[in-house]
Amino acid sequence: MKTTFNKIIITVLAAGLLSGCNKFLDETPKGVLSSDQVKEPERLLTATYAALGNDHYDVPFSLWPYGTVRSDDAYKGGSGPQDIQVFHFLETANNITPTFDEVNRLWFQLYVSISRANTTIRTIQEMGDFANKDEKMAEARFLRGHFYFMLKILFKYVPYIDEQVPIDSYETVDNRALTNDALWQKIADDFQYAADHLPVVQTEVGRASRIAAAAYLAKTYLYKAYRQDNQERHAVTSINHTDLEKVVQSTDIVLSSNRTLETDFGFNFLPGQYENGTEALFSIQFSKDDGTKFGRVNLSDVLSVPMGLGCCDFNKPSQSLVNAFRTTGKGLPLDNYNTLNTFNVAEKYDPRLFHTVAIPNLPYKYSAKHVYEESWTRNPSEYAMYASLKENVDPDCDCFVPMVPFYANTKNRIVIRFADVLLMRAEALIELHRSQEALPLINQVRIRAKNSVTLMGYATDKMLIETYKNGENIIWNEENARKALRWERRLELAMENGRFFDLVRWGIAGESMNAYYDVEKSRRSYYASSHFTADKYEYLPIPEAQIRLSKYLYKQNAGY
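Below, the structure is looked at part by part. (Residues numbered from 1 in each chain as written. Predicted model: local features only at pLDDT ≥ 70, side-chain atom pairs only at ≥ 80, totals over all residues. Heavy atoms only, no water.)

Some points on the overall build of the chain
Working step 1: Across its full length, the chain holds 19 helices and 12 strands.
Working step 2: Against the compact-globule benchmark of 24 Å for 560 residues, the chain has a radius of gyration of 23 Å, which places it among compact chains.
Working step 3: Judged by the C-alpha coordinates and their principal axes, the chain covers about 65 × 55 × 50 Å.
Working step 4: Here the chain holds 560 residues, and the buried ones make up 65% of them.
Working step 5: Within the structure as shown, the chain displays about 19800 Å² of accessible surface, and the carbon and sulfur contribution to it stands at 50%.
Working step 6: Computed over 63 positive and 70 negative side-chain charges, the separation of the two mean positions in the chain equals 1 Å. (Helix = DSSP H or I, 4+ residues; strand = E, 2+ residues; numbered from the N terminus. Rg over C-alpha atoms; globule rule 2.2 N^0.38 Å. Buried < 20%, exposed > 50% of the residue type's maximum accessible area, 1.4 Å probe, protein only. Areas by Shrake-Rupley, 256 points an atom, 1.4 Å probe, with all protein chains shown as cover. Lys, Arg positive; Asp, Glu negative; His and termini not counted. Charge placed at Lys NZ, Arg CZ, Asp CG, Glu CD.)

Following this line, the structure appears as structure tokens:
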């Protein structure tokens, strides 16, 4: 059983730290403990960390419906289009409206989490000097930055509420008070403070470190660099080199630490001894046997368990994603890759496919006792036969927690890992016209992929991958480097719920998704009317319920 500090069950205190959110609820919370009543920064901070896991399967902080299902990497899954229909609309870019309850609750729950961070920050400020004050403040600001980052990539324009805003003034903060660029800078400021004041190594597992803050700071500046300065449009108008230089500077901190890639790609997605490994820079911690009925389990991803093992077969890798792992005779990605309608045993694939996607007749999570079968698929006629592996566990693991009809697990969920940092740095270098410096970074990720066969001898005859060699198998100019980088992000980070946000950042969401729909319409009938409307579907609508609560101060995103 994991016993890290942020697994503590917060009872009255945790429920009470929502005092800053009554304006969003439009009702008075019961049993609230304000910062005047609670003057213990560590308890407040623990409650803020606890917010990382305060989500639900239809309000998931992993963002799988928003970052993966909304992209070309996955089908919604479940029993059919009516099963959590809102996610079906997101998948097919159809009928997306500001009245979706799931989206409204996600907005609300993220602001609940921000309120906890603000309460912690405000209390620390009011207490005067005490031991490790700056460090505690840095942890709280890191967590606030994390929750605002999620809101930003989901909605683009959100009200920025910090610890200085009185609770009774929350509803007066306009969601357009800050420009797109200024809002990114607010988030960057939190991560910068964290990077400046956190220790390189934390004594307790689960706490944010300087390395994690630097990685998140790099990620924030990478997003900020792709400017979308027109308020009503989302097209990329320029790429700011000053921001890209900050990406390079921040990744310098991570690369100069002792953090590295895991020796095997698959180790990142295993429980127990593999959790909080050298590659995991910041992870959300889960546990069981803590005195509650089921424990602190991962509710975000509980629906992705195949029906052959539990419930409910959501978040299913697409045929496009499986095809993306195909390699040529030279071990490189294919240009014309998306031509097969099923996995082909006669072809060669990037080894990462078998760590990412459950394929019929192959072991599930490397277990010879559990061979994945097509019959485990709930609705194969609509959602094909694959299942997602990274967030799931071997059902024989004591971390597999039955919550009938659901089956959860207590494996950590990595928020940001070292491979992502390498690829962010490579992307910044390419856009700074330094593509030659990006080549070894991308190859470092591919070399690890090539060596990631420890767990799956059963698939060695199906795997082929090689590094990029300038002048031999590729002409490494800026255009090809950019293409290789973007491809590498898709393969390395597949099903980790960032794909759609990458497409939006690069300004190619409409182009990519409509190309995907054009092919998928011949595979899945429910895509028949799918069309991605640019300058609209890149972001979610501001929930109508929140606009009403603001007395119509909030301005709706373009197109809704």
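Focus: the packing of helix α14 (residues 418-431) against helix α15 (residues 435-450)
Working step 1: Taken N-terminus to C-terminus, the directions of α14 and α15 make an angle of 155°; their axes are 8 Å apart at the nearest point. Classified by the angle their axes make, α14 and α15 are roughly antiparallel. Once α14 is placed against α15, the crossing between them reads as left-handed. Contacts between α14 and α15 pair F418, A419, L422, L423, R425, A426, L429 and I430 from the former with S435, E437, A438, L441, I442, Q444, V445 and R448 from the latter.
Working step 2: The residue inventory of the contact of α14 with α15, partitioned by class, reads 11 nonpolar, 2 polar and 3 charged. (Axes fitted to C-alpha atoms, helices over the stretch in contact; angles between N-to-C directions. Parallel < 35°, antiparallel > 145°, perpendicular 65-115°, else oblique. Left-handed = near helix turned anticlockwise from the far one by under 90°. Contact = heavy atoms within 4.5 Å. Nonpolar A, V, L, I, M, F, W, Y, C, P; charged D, E, K, R; others polar.)

Here we look at the nonpolar core
Working step 1: Formed by 161 residues in total, the largest nonpolar core has its most connected members in Y66, F142, F282 and F354.
Working step 2: At 13 residues, the largest contribution of residues to this core is made by helix α7 (residues 133-155).
Working step 3: Contact partners of F142, with chain neighbours within four places excluded, come to F191, A194, A208, A212, A213, Y216 and F282.
Working step 4: The next biggest cluster of nonpolar side chains, apart from the first, holds 11 residues, and it includes A358, A387, L389 and F400. (Core = buried A, V, L, I, M, F, W, Y, C linked by side-chain atoms within 4.5 Å.)

Here's the deal with the packing of aromatic side chains
Working step 1: Scanning all chains against the criterion turns up 40 aromatic pairs.
Working step 2: Ring centres of F89 and F100 lie 6.0 Å apart, and the angle between their planes is 15°; on these two criteria the pair is classed as stacked. Here the residue F89 occupies a position in helix α5 (residues 85-92), and F100 occupies one in the loop between α5 and α6 (101-126), the gap between them amounting to 11 residues.
Working step 3: An aromatic cluster is present here, built from F142, F149, W184, F191, Y216, Y223 and F282 joined pairwise through their rings.
Working step 4: Taking the ring centre of Y157 as reference, the NZ or CZ of R176 above it sits at 4.1 Å.
Working step 5: When the ring centre of Y223 is taken as origin, the NZ or CZ atom of R505, which lies over that ring, is 4.7 Å away. (Phe/Tyr/Trp six-rings, centres within 6.5 Å; stacked < 30°, edge-to-face > 60°. Lys NZ or Arg CZ within 6 Å of the ring centre and 35° of its normal.)

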